[in-house]
Amino acid sequence: MSTPAHQIITASPPQAAHFIDGRYVCATGALFENRNPATGALVSLVPEADESQVDDAVRAARRALSGPWGRMSEQERAALLRKVADGIMRRFDDFLRAEILDTGKPKSLAAHLDIPRGAANFNVFADQIMAVATESFRMATPNGGQALNYAIRVPRGVIAVISPWNLPLLLMTWKVAPALACGNTVVVKPSEETPTTAMLLGEVMNEAGIPPGVYNVVQGFGPSSAGEFLTRHPGVNGITFTGETRTGTAIMKAAAEGVRPVSFELGGKNAALVFADCDLEAAVQGTLRSAFANCGQVCLGTERVYVQRPIFEAFVARLKRAAEGLKCGDPFDASTTLGPLISQEHRRKVLSYYERARAEGAEIVTGGGIADMSSPFASGSWIEPTIWTGLPEESVVNREEIFGPCCHIRPFDEEDEAVAAANDSPYGLAAAIWTQDVRRAHRVASRVEVGIAWVNSWFLRDLRTPFGGSKQSGIGREGGVHGLEFYTELRNVCVQL
Ligand code: NAD
């Protein structure tokens, strides 16, 4: 049955859907609840895909590879992707509302980051696919003649896209856009916490003229559900995943069957290194964003802050003041700067680290508990932004990714000491370096073991640059031409002349 998205989400109770072969597929089996983390209210009932629906989606994606999509030129694909970007911007308010209801994130963030970046991802990779070149070599042949070698890029086939809840549209399109630009087809499994924007995108794909089966969405959970059925499906040629390192381990095992390639953007325990020669106010404001934006639910966020001793007290005092100035409230109110955590379950996890910090003797500079909210937000998963000092480096609070609005601040004396502390982690996603000494900036950036080192900034992204993590923070790089390594295969053609 084909049902427009707006009819599905205005049904009572609202229903989410799968999107398979260009059509919305409503529930045939189990339903689960999608709740608004700001209020606890029901947003929609979501169908959980069973194995046969995942199979339908993968088969649709395989069929589409040999249909009109598979015969399109790069120019034609790029033109369609630009229409998808335009379609997201035309439906900006629908996407914005859906993202805010699913995540509880403030409008001030979603309107400036999530939705415009969702559209920008399609434009960037449309540009990118038009700009790539491949190598060619002329060679002498044993019979005295010549041969010409040239490489062509071919799509991998059906790509499974498994995405998280923290930046749902942004992170999902960050993978869907390059996959489609390269001529693949996709089956997306959005997070069970945030099913709506992936679903809405189906209608935009249809309106843009993307052929049926090129973009498919199956809803559900991970283990023993849609996520696992998809990653284990033999019709999938590659798996791109953003989420926890532990989930990446499970997906890698599934990918081993059939020797399928993976591209992973995983967890982090990111450090900020704040040197005494920095612009203190810029460092405080940058760390305020990196620790507390999206209620601390950003993979690139800072949870460990190392501050050089001469400015330690001043930095802590200023960051405390700034954190206490964050405003919890109605996510749709433009003045709200701090939303809730994604769920009650996640709040229990983050609060267990707050408790652990207290038990291990941390000094609580600010926060440490549940944020007190009145109706209609009293049943939301609100939490206080929290800053600690005084914990040992080996504390689990300093070693494990918490993914909440919190950070620990520790003083250091020497540059070597700060670099060693930053690197003493199984993760290696991002670092922020705050200094006005240009030599120090380059030196430290070359020594921190991360995929992305920011100097005097944070989350400043040029989408042409390589993005990914070192150590247990990921496998591979996406962004710009780098994603082509995963989303295409190179075929060498050797022509005897
Ligand atoms: P998660 O790993 O719990 O879930 C991510 C997705 O994987 C969801 O769609 C989930 O249903 C699915 N999944 C879970 N188990 C699965 C399985 N066995 N097989 C197949 N699919 C499975 O992550 P999350 O809680 O949604 O997101 C938060 C995590 O994501 C944090 O660790 C954060 O650092 C990380 N993250 C990383 C980046 C990055 O770019 N490196 C960006 C954003 C988030």
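Quick notes on the rules
- Residues numbered from 1 in each chain as written.
- Predicted model: local features only at pLDDT ≥ 70, side-chain atom pairs only at ≥ 80, totals over all residues.
- Heavy atoms only, no water.
- Domains from an automatic or database assignment.
- Contact = heavy atoms within 4.5 Å.
- Buried area = accessible area lost by both parts, 1.4 Å probe.
- Salt bridge = Lys/Arg side-chain N within 4 Å of Asp/Glu carboxyl O.
- Polar contact = N/O pair within 3.5 Å; in protein donor to acceptor, adjacent residues only side chain to side chain.
- Nonpolar A, V, L, I, M, F, W, Y, C, P; charged D, E, K, R; others polar.
- Helix = DSSP H or I, 4+ residues; strand = E, 2+ residues; numbered from the N terminus.
- Buried < 20%, exposed > 50% of the residue type's maximum accessible area, 1.4 Å probe, protein only.

**Quick look at the domain arrangement of the chain**
And then number 1: Taken domain by domain, the chain holds domain 1 (5-266 + 474-496) and domain 2 (270-461).
And then number 2: Each of domain 1 and domain 2 was reduced to a C-alpha centroid, and the two centroids are 31 Å apart.
And then number 3: With 27 residues of domain 1 at the interface, the matching set in domain 2 holds 29 residues.
And then number 4: For the domain 1 and domain 2 pair, buried surface summed over both sides reaches about 2100 Å², with 62% attributable to carbon and sulfur atoms.
And then number 5: It is Pro37, Ala38 and Trp165 that lose the most area in domain 1 upon contact with domain 2, and together they represent 23% of the buried surface on that side.
And then number 6: For the pair domain 1 and domain 2, the interface holds zero salt bridges.
And then number 7: Applying the counting criterion to the domain 1 and domain 2 interface returns seven residue pairs in polar contact (both at pLDDT 80 or more).
And then number 8: By residue class, the composition of the side of domain 1 that touches domain 2 is eleven nonpolar, eight polar and eight charged.

**Overview of the pattern of salt bridges**
And then number 1: If you walk through the whole model with that rule in mind, you get 31 salt bridges.
And then number 2: Salt-bridge contacts for Glu192 lead to Lys189; the nearest nitrogen and oxygen are separated by 3.3 Å.
And then number 3: Two residues, Glu449 and Lys471, come together in a salt bridge whose shortest N-O distance is 2.9 Å. Here Glu449, found in the loop between helix H16 (438-447) and strand E19 (452-455), pairs with Lys471, found in strand E20 (residues 470-471); they are 22 residues apart in sequence, far enough to count as distant.
And then number 4: In this structure Glu449 comes out as partly exposed when scored by relative accessible area, which is 38%.
And then number 5: The class for Lys471 is partly exposed, based on a relative accessible area of 37%.
And then number 6: Members of the salt-bridge network, linked through shared partners, are Asp277, Glu415, Asp416, Arg440, Arg443 and Arg447.

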